[in-house]
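Structural characterization, general
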Amino acid sequence: MTLALSGTADRCRGFEQHTRSVIRLKALGDARSSAGADFTVVRTSDDLKRVIQDSHEAIFAIDDGTGCFLSSEGLPRRAITVPAQFSYLAPGDVIGIHTPSRKFRTLYRHNSRHNSFLVTERCNNYCLMCSQPPKDIDDRWILDEIRQSLPLLDKETRTLTFTGGEPLSDSVEFIGLLADCRDQLPKTAVQVLTNGRAFAKSEIVDAWRKVNHPSLIAAIPVYAAVDHVHDYVVQAKGAFDETILGILKLKDRGQRVEVRVVLHAQTAPIILDTCRWIARNLSFVDHVALMGLENTGFAIANEAQLWIDPIDYRAALADAVDVLVAAEVNVSVYNLQRCVLAQSVWPYAVQSISDWKNAFISECEPCTEKSRCAGFFSSGRPRRSKAISPIL
Amino acid sequence: MARFLAAEAFSSPSEELALLPFNFERTGTEQFLVSNMVGDFIRLTEDEINKLIDLKVTPGDGLYERAYAAHLITGSRQKSQQQLLALRLRSRMSFLREVTPLHMFVVTLRCEHSCPYCQVSRQSTDRSRFDMSEATAQRGLDIAFESKSSRIKIEFQGGEPLLNFGLIKMIVSAAQAKSAVLSKKVDFVVATNLALLDDTILAFCKANEILLSTSLDGPADLHNKNRPRPGGNSYELAVSGIRRAREALGPDRVGALMTTTEASLGRVDEIIDEYLKLGLDGIFLRPLSPFGFAIKTKQYHRYTAESWLDFYRRGLRRVLDINHQGTPFREFYSSLVLTRMLTDRPIGYVDLRSPAGIGIGALVYNYDGGVFASDEGRMLAETGDNAFRLGHVDEDNYRSLVLSDKLVDAISMSLTQCAPECSTCVFESHCGANPVHHHATQGDALGIKPLSDFCARQKGIMRHLLRIMDESPRDAAILRRWAGS
Ligand code: SF4
Ligand code: SF4
């Protein structure tokens with residue numbers, strides 16, 4: 001099942017001073033309040049009555065599917081009401097809302113292990129398989145929204161991901177945000193999905209290092225051992241050189257780096273060469289993730305150049321993992337189902353698909369590996385290997 | 001979708017390409033072995049290497065991709081490959097950061113053995129003439145602790161060092177006291193034939209975490225022939241010593257080294273089995289060194305590099321088979337070479353480094369206070385050649401020894417990075433300078449490499465290892481495991 005992470009509120013009132021606001025949901029009766037950002041979750045007309053009786057708190061009402069309880073009179077002054085498909089929202093969750101249009105996005109889910117912030121839609125790459133097709137627009141308001149969100153997140157949050165677009169498009173502002181994370185969420189590990197090209201500039205790496213974040217990692221894609229193959233995949237000439245230079249500069253300054261390889265028809269057939277090269281040249285990176293393709297965004301448009309059945313690269317992937325393991329490189333395989341992976345790869349295969357877009361199919365029911373399997377993306381236009389079959 | 005460009009749009013025209021430095025050697029009528037600046041190997045045909053040198057390569061032709069991934073070519077405006085090579089080279093050479101980590105103390109020249117190839121030892125009971133004095137030991141320690149390494153190893157040598165056990169005890173406790181004050185870690189090794197091992201010595205080793213290193217040349221008749229002593233029981237004493245030491249100190253606290261003599265050449269399987277039988281985890285197949293009495297007694301010229309290589313190849317075969325039968329067992333020299341070939345770990349092993357390890361890798365304090373740049377240098381002095389005698393503990397300090405003209409000359413003149421033959425050798429990244437060897441055999445620290453048996457062995461070993469890696473996936477899997485760990 002795929003969760004809707006954005007939508008339009010039915011009502012939104014009491015925000016007259018601001019066009020954009022960040023709010024946090026709280027449970028009925030929970031006394032905590034953070035400078036007016038907390039909204040009590042209301043799911044039934046009883047809930048609503050209690051709120052109105054007890055106090056005059058702001059409410060976040062979720063339609064129970066009937067549409068009736070919200071029609072009742074006397075909503076508090078500050079109120080947002082949303083359709084029933086957002087019933088997954090719960091106390092602790094954080095939402096950003098554009099009040100004139102009533103459009104909102106779920107920014108953080110307290111119960112999820114997979115919280116990520118989109119930092120910008122701008123990017124200097126234009127990857128064939130981009131799941132978040134870049135747009136050349138001024139979206140710097142997003143950085144403000146994230147900045148406002150950080151104090152509202154649970155301090156016990158285990159990990160946060162920043163993604164894009166290219167998060168380092170506005171490098172100074174973004175690195176400032178990392179400093180905010182360090183100060184406000186000192187226990188939270190932060191992962192930044194970046195194309196790494198910005199790190200070819202020493203001043204950006206130096207600024208990154210100076211944040212001195214206790215648990216920060218840059219996750220950077222490398223698609224080949226050869227310049228033109230990588231440049232073609234990311235549709236930017238010169239990208240390979242900058243990306244590799246960036247990785248070297250980060251490691252030279254003791255920063256943590258993960259290398260990511262997305263597997264598709266341009267990269268999977270050469271995955272053994274790529275991993276041999278990584279083992280020989282970049283064995284000092286902290287982690288390598290070999291990732292099954294999410295068939296969404298540009299990947300759908302470029303299906304002819306990208307689709308390859310994972311079963312067709314099963315053997316090469318197993319050899320590639322072997323080479324990395326032998327070089328003592330920390331490796332994981334993401335997004336691929338156990339039944340298309342060689343058994344030698346299973347110990348490295350991770351349940352990596354974010355909970356809100358993760359699914360299994362009917363074939364999986366009898367499978368003995370289901371509880372350890374990554375399953376499928378439910379997002380985009382899922383394409384499955386012909387080899388999917390339960391392991392019995 | 002029109003917004004996407006085709007693959008061809010990302011290819012560099014050949015005028016934007018540049019060659020990176022590489023070495024090569026012909027391996028067959030049409031075949032070449034090529035190595036890049038950090039010693040990664042790739043095989044090319046003659047046609048391919050010619051195209052490469054003329055930069056007649058095009059993205060998509062397969063050769064471009066192989067050459068680019070192997071750092072043989074780069075884009076002339078690109079920087080990342082050069083930075084990558086620089087970083088890897090820095091890692092490979094970083095053994096230089098630990099300056100003089102090894103300090104050998106020759107606590108006595110006396111020995112109860114009379115091995116024909118031994119360069120130095122004396123059959124004597126005259127303690128005053130051949131034992132190191134406490135004052136000399138104290139000065140040696142002062143110098144050892146002046147070296148910049150954060151961790152030093154003190155190795156006791158002889159003669160048979162256990163004949164002067166009293167001095168060993170004194171040095172260990174003095175070194176521990178200094179170690180605490182100067183916060184420099186110190187490890188100890190005793191190189192001994194184990195003939196004199198007893199419970200007191202074992203208890204002392206245990207209490208002070210001292211490693212033992214001994215000699216075991218193979219089966220009883222071979223070992224006893226190589227190492228005569230009164231009673232003719234060198235082998236029995238060594239074997240029972242190894243067993244006792246393993247029991248008392250732990251299996252990884254005692255190591256054994258073998259020396260190949262002419263008599264060993266046909267018997268490599270038996271020699272290896274001897275090590276296996278004792279439960280040791282590997283063997284170091286070593287050639288005889290060309291020093292001192294070994295040359296004088298004409299032992300050294302009794303066999304050629306080729307016959308030693310043959311011995312090595314058969315031995316390695318045996319070792320690999322032992323692994324296939326399920327017992328992990330290594331040939332240690334191959335492990336070192338493979339670690340150099342397959343990883344960028346800094347390996348400071350004396351025969352496999354350039355700049356050479358003389359002085360800046362190890363110093364030897366002789367029983368009489370003379371300081372040498374290596375153990376072999378001390379042996380040369382016993383036959384009257386003082387080329388590697390750097391000074392004396394009473395007259396010198398660490399700085400004056402390591403910056404002496406003698407040492408600086410020998411190191412700088414022998415660098416493989418610029419030596420004739422070596423500088424263009426396909427194995428240069430994994431080889432070593434070995435100035436003492438070339439001085440001893442050719443009278444010149446640099447040496448003429450085509451005449452050098454060291455060079456012949458190095459090339460032979462590396463060619464052999466590469467051939468196995470190429471031809472036998474089964475063997476290669478084992479060899480890969482030896483690299484690095
Ligand atoms: S059948 Fe389903 S659960 Fe089992 S391995 Fe395949 S995809 Fe995973
Ligand atoms: S000694 Fe021989 S094998 Fe070693 S680098 Fe020199 S020429 Fe090459």
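Residues numbered from 1 in each chain as written. Chains lettered and ligands numbered in written order. Predicted model: local features only at pLDDT ≥ 70, side-chain atom pairs only at ≥ 80, totals over all residues. Heavy atoms only, no water.

**A look at the overall build of chain A**
The secondary structure content of chain A amounts to 10 helices and 18 strands. By the compact-globule yardstick of 21 Å for 392 residues, chain A fits well, its C-alpha radius of gyration being 23 Å. Projected onto its principal axes, the C-alpha coordinates of chain A cover approximately 65 × 55 × 35 Å. Here chain A, with 392 residues, has 58% of them falling under the buried criterion. In chain A, once contacts between residues fewer than 6 apart in sequence are set aside, the share between residues at least 24 apart is 69%. Positive and negative side-chain charges of chain A, numbering 45 and 46 respectively, have mean locations separated by a distance of 1 Å. (Helix = DSSP H or I, 4+ residues; strand = E, 2+ residues; numbered from the N terminus. Rg over C-alpha atoms; globule rule 2.2 N^0.38 Å. Buried < 20%, exposed > 50% of the residue type's maximum accessible area, 1.4 Å probe, protein only. Contact = heavy atoms within 4.5 Å. Lys, Arg positive; Asp, Glu negative; His and termini not counted. Charge placed at Lys NZ, Arg CZ, Asp CG, Glu CD.)

**Regarding the packing of helix α10 (residues 268-277) of chain B against helix α12 (residues 305-324) of chain B**
All names here are of chain B. With their axes 9 Å apart at the nearest point, α10 and α12 run at an angle of 45° to one another. With respect to their mutual orientation, α10 and α12 come out oblique. Of the two elements, α10 crosses α12, and the hand of that crossing is right-handed. In contact with V268, D269, I271, I272, D273 and L276 of α10, α12 contributes F311, R314, G315, R318, V319 and I322. For the contact of α10 with α12, the per-class residue count stands at 7 nonpolar, 1 polar and 4 charged. (Axes fitted to C-alpha atoms, helices over the stretch in contact; angles between N-to-C directions. Parallel < 35°, antiparallel > 145°, perpendicular 65-115°, else oblique. Left-handed = near helix turned anticlockwise from the far one by under 90°. Nonpolar A, V, L, I, M, F, W, Y, C, P; charged D, E, K, R; others polar.)

**Brief notes about the domain arrangement of chain B**
Residues and elements named next belong to chain B. Partitioning chain B into domains gives domain 1 (16-92) and domain 2 (100-402). Between the C-alpha centres of domain 1 and domain 2 the distance comes to 41 Å. Between domain 1 and domain 2, the residue contacts involve 5 residues of the former and 6 residues of the latter. Here domain 1 meets domain 2 over a buried area of about 540 Å², counting both sides, of which 32% is carbon and sulfur. When the buried area of domain 1 at its contact with domain 2 is split by residue, F41, S91 and R92 rank highest and sum to 81% of it. Remark: the boundary between domain 1 and domain 2 carries 2 salt bridges. With a shortest N-O distance of 3.2 Å, D344 and R92 are connected by a salt bridge. Inspection of the domain 1/domain 2 interface yields 5 residue pairs in polar contact (both at pLDDT 80 or more). (Domains from an automatic or database assignment. Buried area = accessible area lost by both parts, 1.4 Å probe. Salt bridge = Lys/Arg side-chain N within 4 Å of Asp/Glu carboxyl O. Polar contact = N/O pair within 3.5 Å; in protein donor to acceptor, adjacent residues only side chain to side chain.)

**Observations regarding the pairing of strand β13 (residues 362-365) of chain B**
Burial of the side chains of β13(B) extends over both faces: A362(B) and V364(B) are buried on one face and L363(B) and Y365(B) on the other. Count of turn residues in the β13(B)/strand β14 (residues 370-372) of chain B antiparallel hairpin: 4 residues, of which G369(B) carries a positive phi of about 95°. (Pairing = 2+ DSSP bridges.)

**Digging into the packing of aromatic side chains**
Applying the stated criterion to the full structure yields 23 aromatic pairs over all chains. Taking the centre distance of 6.2 Å and the plane angle of 50° together, the rings of F22(B) and F24(B) count as tilted. Among the residues examined, F24(B) registers a relative accessible area of 37% and is labelled partly exposed. An aromatic cluster of at least three residues, connected via ring pairs, comprises F240(A), W277(A), Y64(B) and Y68(B). Of note, R384(A) hangs over the ring of F376(A), and the distance from its end group to the ring centre comes to 5.1 Å. (Phe/Tyr/Trp six-rings, centres within 6.5 Å; stacked < 30°, edge-to-face > 60°. Lys NZ or Arg CZ within 6 Å of the ring centre and 35° of its normal.)

**A closer look at the sheet that holds strand β8 (residues 103-108) of chain A**
All names here are of chain A. Spatial ordering of the open sheet is given by β1-β8-β7-β3-β4-β5-β6-β2, a layout of 8 strands whose pairing is mixed. Looking at which strands have only one partner, the edges of the open sheet turn out to be β1 (6-8) and β2 (11-13). The average undirected angle you get between the axes of adjacent strands in this sheet is 30°. Sheet topology places strand β3 (residues 20-26) next to strand β4 (residues 38-42); 3 bridges connect them, and they run parallel. Paired with R24 across the strands is D38, a residue of β4. Against the sheet, helix α1 (residues 45-54) engages β4 and β5 (59-62), with an angle of about 140° to β4. Each of β3, β7 (94-98) and β8 touches helix α2 (residues 141-149); the most contacted strand, β8, lies at about 50° to it.

**Considering a nonpolar patch on the surface**
A surface patch of nonpolar side chains, amounting to about 240 Å² of accessible area, comprises L19(B), F24(B) and I53(B). Among the secondary structure elements, L19(B) is positioned in strand β1 (residues 17-19). (Patch = residues over 30% accessible without salt bridge, like charges linked within 9 Å, V, L, I, M, F, W, Y side chains within 5 Å. Areas by Shrake-Rupley, 256 points an atom, 1.4 Å probe, with all protein chains shown as cover.)

**Quick notes on the sheet that holds β14(B)**
Residues and elements named next belong to chain B. One open sheet accounts for 8 strands, arranged β10-β9-β8-β7-β6-β13-β14-β15; its pairing is mixed. Among the strands making up the open sheet, the edge pair consists of β10 (254-257) and β15 (389-392). Averaged over all pairs of adjacent strands, the angle between their axes in this sheet comes to 25°, without regard to strand direction. Direction of pairing for strand β7 (residues 151-157) relative to strand β8 (residues 185-191): parallel, over a ladder of 6 bridges. Each bridged residue has a counterpart across the sheet, and for R151 the counterpart in β8 is K185.

**So, empty space enclosed by the protein**
All names here are of chain A. In the structure shown here, the tally under the stated rule is 3 cavities of 30 Å³ or more. Quantified by volume, the largest cavity comes out at close to 260 Å³. Together, 20 residues line the largest cavity, and L293, W307, P310, Q337 and R383 are the ones closest to its centre. For the lining of the largest cavity, the residue count by class is 11 nonpolar, 6 polar and 3 charged. (1 Å grid on protein atoms, 1.4 Å probe; cavity = no way out; pocket = protein on both sides within 12 Å on 5 of 7 lines; lining within 4 Å. Points joined across faces, edges and corners; volume = space filled by probe spheres on them.)

**Thoughts on the site of ligand 2**
In the vicinity of ligand 2, the contacting residues are E421(B), C422(B), C425(B), E428(B), C431(B), K449(B), C455(B), Q458(B) and K459(B). Among the residues making up the shell around ligand 2, the classes are represented as 4 nonpolar, 1 polar and 4 charged. (Near = heavy atom within 4 Å.)

**Regarding the interface of chain A and chain B**
The interface of chain A with chain B comprises 27 residues on the first partner and 37 residues on the second. Overall, the association of chain A and chain B removes approximately 2500 Å² of surface from exposure, summing both partners, and the carbon and sulfur fraction of that is 57%. Contact with chain B buries area across many residues of chain A, yet H228(A), K237(A) and R280(A) alone supply 25% of it, more than any other trio. At the boundary of chain A and chain B, one finds 4 salt bridges. Here E328(A) makes a salt bridge to R345(B), at a shortest N to O gap of 3.6 Å. Applying the counting rule to chain A against chain B returns 13 residue pairs in polar contact (both at pLDDT 80 or more). Sorting the residues of the side of chain A that touches chain B by element identifies α5 (227-234), α6 (239-252), α7 (271-281) and α8 (298-301) of chain A as the ones contributing at least two each. For the side of chain A that touches chain B, the element with the most residues is α6(A), which contributes 6 residues.

**A short note on the domain arrangement of chain A**
Residues and elements named next belong to chain A. Looking at chain A, the domain boundaries give domain 1 (6-108) and domain 2 (116-377). Contacts between the two partners involve 11 residues from domain 1, matched on the other side by 13 residues from domain 2. Both sides together, the interface formed by domain 1 and domain 2 hides about 1100 Å², and carbon and sulfur atoms give 59% of it. Where domain 1 touches domain 2, the interface holds 1 salt bridge. Ionic pairing is found between E145 and R105, a salt bridge with its closest N-O pair at 2.6 Å. Top contributing element to the side of domain 1 that touches domain 2 by residue count: β3, with 4 residues. Of the residues in the side of domain 1 that touches domain 2, the class split is 6 nonpolar, 2 polar and 3 charged.

**Brief notes about the pattern of salt bridges**
Overall, the coordinates contain 54 salt bridges over all chains when judged by the stated rule. Residue D46(A) is joined to K49(A) by a salt bridge in which the shortest nitrogen-to-oxygen separation is 3.8 Å. Here D46(A) pairs with K49(A), and both are found in helix α1, just 3 residues apart, close to one helical turn. Of the residues examined, D46(A) reaches a relative accessible area of 52% and is grouped as exposed. R317(B) is the partner of D475(B) in a salt bridge, and the nearest nitrogen-oxygen pair spans 2.7 Å. One end of the pair, D475(B), is in helix α19 (residues 473-482); the other, R317(B), is in helix α12, with 158 residues separating them in the sequence. Under the relative-accessibility criterion, D475(B) is labelled buried at 5%. Salt bridges sharing common partners tie together R280(A), D40(B), R88(B), R92(B) and D344(B).

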